[in-house]
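One-letter residues, chain by chain:
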Amino acid sequence: MDNKCLLVAFIFSISISSVFSIRCYQCSSQTDPKGVDNCGAYERFNKTQNIPIECNSDESHMPGSFCMKVVQQGPRGFIWDGRWRQVIRRCASVADTGVTGVCNWGVYENGVYWEECYCAEDSCNHALNLKTSIKLVTSTLLLMLIMKFLQS
């Protein structure tokens, strides 16, 4: 019984440390200089130009345990600061839906299209479309296996 408890504690500690140490890209097209696209609103996101930051560090604008990417695109007549599309990448602490690994979208009353994507893997908010985290699936399967092992 002691070996089973030790195994569960070890796996749990590995899982917890990976949850609290997530790194995400952090940028906003709102802060880009005029004529520059550092956050990937119009050009492909440059992972070598941007460095993922530790979400619970002083560098993070918002602490969190997962990453988020927000895209807003207005009709041609709707312009923010000379742009009609903007992207925000950052850490997040709460997903609106409570689920990570998915994207939600909609249209505001003023015609602006929005899309919010949440993910729980290091540097996962770089992609155009976020995919289900391999770590999340593996952790879930491992936990199920441990529970089955403890019941026997």
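Conventions we followed
- Residues numbered from 1 in each chain as written.
- Predicted model: local features only at pLDDT ≥ 70, side-chain atom pairs only at ≥ 80, totals over all residues.
- Heavy atoms only, no water.
- Phe/Tyr/Trp six-rings, centres within 6.5 Å; stacked < 30°, edge-to-face > 60°.
- Helix = DSSP H or I, 4+ residues; strand = E, 2+ residues; numbered from the N terminus.
- Buried < 20%, exposed > 50% of the residue type's maximum accessible area, 1.4 Å probe, protein only.
- Lys NZ or Arg CZ within 6 Å of the ring centre and 35° of its normal.
- Patch = residues over 30% accessible without salt bridge, like charges linked within 9 Å, V, L, I, M, F, W, Y side chains within 5 Å.
- Areas by Shrake-Rupley, 256 points an atom, 1.4 Å probe, with all protein chains shown as cover.
- Salt bridge = Lys/Arg side-chain N within 4 Å of Asp/Glu carboxyl O.
- Disulfide = S-S within 2.5 Å.

Undergrad: I'd like to hear about the packing of aromatic side chains, residue by residue, with values.
TA: All told, the structure shown has 5 aromatic pairs when counted by the stated rule. On the basis of an interplanar angle of 55° and a centroid distance of 6.5 Å, the ring pair of Y42 and W84 is categorised as tilted. Linking Y42 in the loop between β2 (27-28) and β3 (53-54) with W84 in the loop between β4 (66-73) and β5 (85-92), this pair joins segments that are 42 residues apart in sequence. Y42 gets classed as partly exposed once you look at its relative accessible area, which sits at 41%. Relative accessible area serves as the criterion here: at 27%, W84 is assigned to the partly exposed category. Ring geometry for W105 against Y113: centres 6.3 Å apart, planes inclined by 35°, an arrangement best described as tilted. The lysine or arginine in question, R89, covers the ring of F45, its NZ or CZ lying 3.9 Å from the ring centre.

Undergrad: Lay out a nonpolar patch on the surface with the relevant residues and their values.
TA: A cluster of nonpolar side chains, namely M147, F149 and L150, defines an oily patch on the protein surface of about 260 Å² accessible area. Structurally, the position occupied by F149 is in helix α2 (residues 134-151).

Undergrad: Summarise the state of the cysteines; cite the residues concerned and give the values.
TA: If you walk through the whole model with that rule in mind, you get 5 disulfides. Put simply, C27 and C39 are joined by a disulfide, and their sulfur atoms are 2.1 Å apart. Between C27 and C39 the sulfur-sulfur dihedral comes to about 75°; the bridge is accordingly right-handed. With C27 in strand β2 and C39 in the loop between β2 and β3, the pair connects residues that are 12 residues apart, well separated along the chain. There is no split in this pair, since C27 and C39 are both buried.

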